[in-house]
Structure formats: C-alpha cells, structure tokens
Amino acid sequence: HLNMDIKSAKTLVDLLGTVFAERIDSITIVDFSKAAQAMWWMVKPLVAPATRKKFAFASLHQARELCKQRFDDSLYLAASRTFDINRDPDSTEEERLQHARETTFG
C-alpha cells in the first residue's frame, strides 16, 4: 500500500526543481519498484521538464553499463561494489554502513 502525502511530495519537487536541478547532471534509479513507479507518475507532472529529463530508470545491468560509460575506473568499481553489497543478502548493516563511509565524498 502506497501512502503518499501530496503536500510533502510537492515540497520535495519544488526543492529539487529550484535548488538542485541545475547542479545535478543525472539521477539513475535502479530497480524501480511498482510502488515507486506509482509515486513517480503522481509527482512527474509537478517536476519541471528540464528536471524530468535528468531521471533515468534502469535495471541493474543497465545501471552498470551507464556507470561504465560515464565514470572513470575507480568510480565505476565503487558503484559496482555498492550495487553488490546492497544486494547481498549475507551483508550486514555494519558492512553496508562501512562501505557507505568509504565511498562517500564531500
């Protein structure tokens, strides 16, 4: 069951459209769930066309290919490890948090 607060979604869309849209080159969403698809279709009309074009929805295989094309080798390997650790049913929360700490910059 998708429980969505339209006012909050509109606030998020406004924020994305006015503050961050020009600074973001692209957003790739991997393995988009049915619930998330429903939410996207509800929010999509509220998103500026230029921002909408920045979103890509991809399977894991497609996402890996996009990363390989767009990133240098070290960033591609980090993204691939991120895909792997987050899909590994045997990885622990601590391992995922440690990976996040090691691959976060800024």
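Note: the structure precedes this text.
Calculation rules
- Residues numbered from 1 in each chain as written.
- Predicted model: local features only at pLDDT ≥ 70, side-chain atom pairs only at ≥ 80, totals over all residues.
- Heavy atoms only, no water.
- Salt bridge = Lys/Arg side-chain N within 4 Å of Asp/Glu carboxyl O.
- Helix = DSSP H or I, 4+ residues; strand = E, 2+ residues; numbered from the N terminus.
- Buried < 20%, exposed > 50% of the residue type's maximum accessible area, 1.4 Å probe, protein only.
- Axes fitted to C-alpha atoms, helices over the stretch in contact; angles between N-to-C directions.
- Parallel < 35°, antiparallel > 145°, perpendicular 65-115°, else oblique.
- Left-handed = near helix turned anticlockwise from the far one by under 90°.
- Contact = heavy atoms within 4.5 Å.
- Nonpolar A, V, L, I, M, F, W, Y, C, P; charged D, E, K, R; others polar.
- Phe/Tyr/Trp six-rings, centres within 6.5 Å; stacked < 30°, edge-to-face > 60°.

> Explain the pattern of salt bridges here, please?
Any two side chains of opposite charge can pair, so long as their charged atoms come close to each other. Scanning the entire structure with this criterion turns up three salt bridges. A salt bridge links Arg 64 to Asp 84, with the nearest nitrogen and oxygen atoms 2.4 Å apart. With Arg 64 in helix H4 (residues 60-70) and Asp 84 in helix H5 (residues 73-87), this residue pair connects regions lying 20 residues apart in the sequence.

> Help me understand the environment of Glu 65 in this model?
Positionally, Glu 65 belongs in helix H4. Using a relative accessible area of 36% as the deciding quantity, one classes Glu 65 as partly exposed. Taking the C-alpha atoms as reference points, Glu 65 and Tyr 76, eleven residues apart in sequence, are found 9.5 Å from one another.

> What is the right way to look at the packing of H4 against H5 in this model?
Between two packed helices, both the angle of their axes relative to each other and the distance between the axes serve to describe the pair. It is the contact of H4 with H5, at a shortest axis distance of 9 Å, that shows an interaxial angle of 160°. Relative to H5, the element H4 is oriented roughly antiparallel. Here H4 and H5 pass one another in a crossing that is right-handed. Between H4 and H5, the residues in contact are Leu 60, Ala 63, Arg 64, Cys 67 and Lys 68 and Tyr 76, Ala 79, Ser 80, Phe 83, Asp 84 and Arg 87, respectively. In terms of residue class, the contact of H4 with H5 is built from six nonpolar, one polar and four charged.

> Even after reading the chapter, I still don't get the packing of aromatic side chains, so can you show me in this structure?
Two aromatic rings, taken as a pair, are described by how far apart their centres are and by the angle between their planes. Inspection of the entire model under this criterion finds four aromatic pairs. For the ring pair Phe 32 and Phe 57, a centre distance of 4.4 Å and an interplane angle of 40° mean the geometry is tilted. Linking Phe 32 in the loop between strand E1 (27-30) and helix H2 (34-43) with Phe 57 in strand E2 (residues 55-58), this pair joins segments that are 25 residues apart in sequence. According to the relative accessible area criterion, Phe 32 is partly exposed, its value standing at 22%. When its relative accessible area of 33% is taken as the criterion, Phe 57 is described as partly exposed. A ring pair is formed by Trp 40 and Phe 55, whose centres lie 4.8 Å apart and whose planes are at 40°; its orientation type is tilted. Of this pair, Trp 40 sits in helix H2 while Phe 55 is found in strand E2, placing the two residues 15 residues apart along the sequence. A relative accessible area of 11% places Trp 40 in the buried class. An aromatic cluster is defined as three or more aromatic residues linked by ring pairs; in this entry it consists of Phe 32, Trp 40, Phe 55 and Phe 57.

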